[in-house]
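For reference, the chains in residue letters:
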Amino acid sequence: MKKINLLIVICIIMFNAIAANAQTLQTDVIKVMTYNAGSYGKAPTGQCPLLNLNYKNAYLRSILKYEQPDIIGLEKMQAIPSVDTSTVITGVLDSVCNGCWGHSVYSNAGGDSKASMLYFNINHFGFVSTTPVVNNDANMDDVMLTRLYYRSDNLFSTHDTIFLNILLVHLYAGSSNFAIRDSEAVHIMNWLNVHITSPENLIIMGDFNVQASSEGCYSTFINSTNNTKFFDPPNQLGAWSSFSTQFANYLTQSTRTVDPGDCNSTGPMLNRFDHILVTGSIMNGTDSVKYIPGSFTVVGNDGQHTGTDILASPVNSSVSPNVDTALYMMSEHLPVYLKLGFTYTVFAGMENITNPWIKIDYNSIVSDKINIQPIANKALSNKYNDCKAEIVDMQGRIVSVHSINLNQTNSIDVSDISTGIYFLRIIKDTTQIFTGKLIKIKD
């Protein structure tokens, strides 16, 4: 049988007995995306047939299946609770990863015709809370702070939780409406400065509708002197709309110069409206989450279409042709994303883990074997002759069953088990007498 190198970790949750002799740092890369969804959910009309959800879902599926984000915020969605929650998941996200998605709490207390919603892959993140920040302004989507926890491989044993806090915004549009945007930003930051009293992994992202980094609302975000000071990860500050060619790779609006049929805005690619800003904790990686330098990306912007639309010549080299078309048809904005590294400690190598009478021994990380045996000089009654060891995946499915005798050494072959997180259960009749966690990682 072919051998594969692996690291196996076991964390005991019974008898409170854990003994590890090695540890290593593990980093998981997470993609965070924001996207103005182009009036998603708005009813189509004769002049705006492209608003039909069947069309919107197809385009959005193409984009998200291509990019595979782990967290996505959608703005400019019609304020319909069922559409913004279940429809997006069943009509779009389940085709990216079936059954993998949770969402933040829907809110439209301000009464705007549009709403924003955050979605996250539940294999990587758990939901903690969604808290209103600004929900009394009819000029913009309610601003909510969603707090997620990262499902790290060591969470089961160490309970050392990594939190990520995300604000999703869609500020007031219009080149002459900067004063309204300024006020919106001040309200957001005033709330944050009261409630965020220590450095946090905090993101604010969405459609800011700003012309330049000197505009009041943007300056409010990046010039704070508190824990909520935000940074532009690619550090592309300037007058984006006035000097578009200098920021060609970072422009996000507009994708089209003529309306393809959804009655959204048109105009050449000249503006940088869509942003993901992060706090210093993320820029510096001081709390287990770090921005991966160079990962900030405007999807579908190859830097060659400033002043025109993304389907114009030359051929867009940054995405596949079908995605280029989907971006054009879906929205007048382009999505943006960045990547974050979540770093945590896992136990690695060989480990001997002991409860009062069972020893789990990983003799060799290249042998694909787990040894289970009683402690030397510890007599066991014959009632433990006939037990079984089950390896169970995170969905509760049994992937492997082995008969074992706890009066002698037992060797379990794990070579056919895919990399991932599992539980090891030892059962006598219907009684579970031992439970541990396995993390199998290719070397």
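Keep in mind it's a predicted model, so treat the numbers as computed, not measured.

Peer 1: It is not clear to me how empty space enclosed by the protein should be interpreted in this structure. Could you clarify?
Peer 2: A water-sized probe, rolled over the atoms, reveals where empty space remains. All told, the structure shown has three cavities of 30 Å³ or more when counted by the stated rule. Considered as a void within the structure, the largest cavity measures approximately 90 Å³ in volume. In this structure, the largest cavity is lined by Ser 104, Val 105, Ser 107, Ser 116, Met 117, Leu 118, Asp 142, Met 144, Thr 146, Ile 166 and Leu 168. When contributions to the lining of the largest cavity are tallied by element, the ones reaching two or more residues are β5 (114–121), β7 (143–150) and β8 (162–170). In terms of residues, the lining of the largest cavity owes the most to one element, β5, which gives three residues. Counted by class, the lining of the largest cavity contains six nonpolar, four polar and one charged residues.

Peer 1: How should I be thinking about the layout of surface pockets in this particular structure?
Peer 2: The calculated volume of the second largest pocket comes to roughly 260 Å³. His 170, Ala 173, Gly 174, Asp 207 and Asn 209 are the residues nearest the centre of the second largest pocket, which is lined by 20 residues in total. Tallied by class, the residues present in the lining of the second largest pocket amount to five nonpolar, 10 polar and five charged.

Peer 1: I tried to follow the state of the cysteines on my own but got confused; where do I start?
Peer 2: By definition, a disulfide is the covalent link that joins the sulfur atoms of two cysteine residues. Throughout the structure, instances matching the rule amount to two disulfides. Across the disulfide from Cys 48 sits Cys 263; the S-S distance is 1.9 Å. Residues Cys 48 and Cys 263 share a disulfide whose torsion about the S-S bond is about -95 degrees; that sign makes it left-handed. With Cys 48 in the loop between β2 (23–40) and α1 (53–67) and Cys 263 in the loop between β10 (230–231) and β11 (274–279), this pair connects stretches of sequence that are 215 residues apart. Looking at Cys 48, the relative accessible area reads 9%, which means it is buried. Across the disulfide, Cys 97 is cross-linked to Cys 100 (sulfur-sulfur distance 1.9 Å). Judged by the torsion about the S-S bond (-40 degrees), the Cys 97/Cys 100 disulfide is left-handed. With a relative accessible area of 24%, Cys 97 lands in the partly exposed category.

Peer 1: What is the right way to look at the pattern of salt bridges in this model?
Peer 2: Pairing is possible between side chains of opposite charge, provided their charged atoms come close. Counting across every chain of the model gives 10 salt bridges. The residue Arg 147 makes a salt bridge to Glu 200 at a minimum N-O spacing of 3.5 Å. Separated by 53 residues along the polypeptide, Arg 147 in strand β7 and Glu 200 in the loop between α4 (178–195) and β9 (202–207) bring together distant segments of the chain. Each of Lys 56, Arg 256 and Asp 262 takes part in one network of salt bridges that share partners.

Peer 1: Help me understand the pairing of strand β20 (residues 410–413) in this model?
Peer 2: On any regular strand, side chains alternate: one points to one face of the sheet, the next to the other face. A one-sided burial pattern is seen for β20, the buried positions being Asn 410 and Ile 412 and the unburied ones Ser 411 and Asp 413. Alignment of strand β17 (residues 369–374) against β20, held across four bridges, turns out to be antiparallel. For Ile 372, the partnering residue across the bridge sits in β20 and is Asn 410.

Peer 1: I keep staring at the nonpolar core and nothing clicks. Help me out?
Peer 2: One recurring pattern in soluble globular proteins: nonpolar side chains tend to sit buried together. Residues Tyr 119, Ile 188, Ile 203, Phe 221 and Leu 340 are the most contacted members of the largest nonpolar core, which totals 87 residues. Counting residues in each nonpolar core, the second largest holds 16 residues, with Leu 406, Ile 412, Tyr 422 and Ile 426 among its members.

About the cut-offs
Every chain begins its residue count from 1, and numbering advances along the sequence as written. Local features in this predicted model are restricted to residues whose pLDDT is 70 or higher, and side-chain atom pairs enter the listing and the counts only when it is 80 or higher, whereas totals over whole chains, interfaces and linings include all residues. Side-chain measures were taken over the full set of non-hydrogen atoms in the model, leaving aside hydrogen atoms and water. The pocket and cavity definitions rest on a 1 Å grid over protein atoms only: a 1.4 Å probe that fits but cannot leave marks a cavity, an open set with protein on both sides within 12 Å along at least five of seven lines marks a pocket, and residues lining either have an atom within 4 Å of a point. Grid points are joined across faces, edges and corners, and a volume is the space filled by probe spheres set on the points. Strands here mean DSSP runs of E at least two residues long; helices mean DSSP runs of H or I at least four residues long; both are numbered from the N terminus. Ten residues, namely Ala, Val, Leu, Ile, Met, Phe, Trp, Tyr, Cys and Pro, are considered nonpolar, four, namely Asp, Glu, Lys and Arg, are considered charged, and the remaining ones, Gly among them, are considered polar. Sulfur atoms of two cysteines make up a disulfide when they are within 2.5 Å. When accessible area is computed with a 1.4 Å probe and restricted to protein chains, residues below 20% of their type maximum are described as buried, those above 50% as exposed, and intermediate ones as partly exposed. What counts as a salt bridge is simple: a side-chain nitrogen of Lys or Arg found within 4 Å of a carboxyl oxygen of Asp or Glu. Pairing between two strands is assigned when DSSP locates at least 2 bridges connecting them. Among the buried residues, those of types Ala, Val, Leu, Ile, Met, Phe, Trp, Tyr and Cys that are joined through side-chain atoms within 4.5 Å form a nonpolar core.

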